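Residue-level structural notes
Listed below, chain by chain, are the residues.
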Amino acid sequence: MNLAYKFKKKTNQELRASGICPEPTELDRLLEEIAERSEASEQSRDEDDNARVKLRKEQEQAKDVRLTAMESLAETKKRTDEDAIKLYGNGEEDQVIFLTPSAGKQPIFIERIVASDTDNDTASVTDRVCERACLMIQSLTLEREQLALWRQERERQEQELHEMRI
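Residues numbered from 1 in each chain as written. Predicted model: local features only at pLDDT ≥ 70, side-chain atom pairs only at ≥ 80, totals over all residues. Heavy atoms only, no water.

Residues Glu42, Asp46, Glu47 and Asp48 make up a contiguous surface patch of negative charge. Along the chain, the position of Glu42 falls in helix H2 (residues 26-70). (Patch = residues over 30% accessible without salt bridge, like charges linked within 9 Å, V, L, I, M, F, W, Y side chains within 5 Å. Areas by Shrake-Rupley, 256 points an atom, 1.4 Å probe, with all protein chains shown as cover. Salt bridge = Lys/Arg side-chain N within 4 Å of Asp/Glu carboxyl O. Lys, Arg positive; Asp, Glu negative; His and termini not counted. Charge placed at Lys NZ, Arg CZ, Asp CG, Glu CD. Helix = DSSP H or I, 4+ residues; strand = E, 2+ residues; numbered from the N terminus.)

See the structure below:
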């Protein structure tokens, strides 16, 4: 056990046992000062460790951002294509995946055509994919229009509320 720990233990026992506070000696004051400095040192070390970990994490994130910013358009396309294949492809056989861009990070899945589907009738498969893509686009357009109307209504209500407060 270290000296500061023994001093704290002794002081706490004296306080509990007697209920009074004995007059500290010079040795007691010095031991108390050593204990305080030790605690401050440990606390400072912990803060430095936390700052170092945070700095390292920020540096890694900055490096990733720099690498992403410096990659060429072909590399970006390849990376996003690989992400789409991981999300929507099954990787077991030849296939064509139809996706449409979205406002979010991930594209919207439309249809997957597997090699065995094209053996039957390519025209009907193409028609089915086109029809589904059109329906999705119409649905997204309708959803966006409804969202725009909702935003307009909300702005109107906020304006009315603001006018009522004034």
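Applying the stated criterion across every chain yields a total of five salt bridges. Asp49 is the partner of Arg52 in a salt bridge, and the nearest nitrogen-oxygen pair spans 2.9 Å. Residue Arg52 and its partner Asp49 are located together in helix H2, separated by three residues, close to a single helical turn. For Arg52, a relative accessible area of 45% puts it in the partly exposed group. For Asp49, a relative accessible area of 34% corresponds to the partly exposed category. Ionic pairing is found between Arg156 and Glu153, a salt bridge with its closest N-O pair at 2.2 Å. Of this pair, Arg156 and Glu153 both sit in helix H5 (residues 122-165), three residues apart, which is roughly one turn of that helix. The partly exposed category is assigned to Arg156, whose relative accessible area is 38%. (Buried < 20%, exposed > 50% of the residue type's maximum accessible area, 1.4 Å probe, protein only.)

With 65% of its residues at a pLDDT of at least 70, the protein reaches an overall mean of 76. Per-element averaging of pLDDT across the protein places helix H4 (residues 115-120) at the bottom with 57 and H2 at the top with 85. (pLDDT = per-residue confidence, 0-100.)

Below, the discussion takes up the environment of Lys6. One can find Lys6 in helix H1 (residues 3-18). A residue is classified by how much of its surface remains accessible, and Lys6, at 47% relative accessible area, is partly exposed. Between the C-alpha atoms of Lys6 and Leu31, which are 25 residues apart in sequence, the distance is 9.6 Å.

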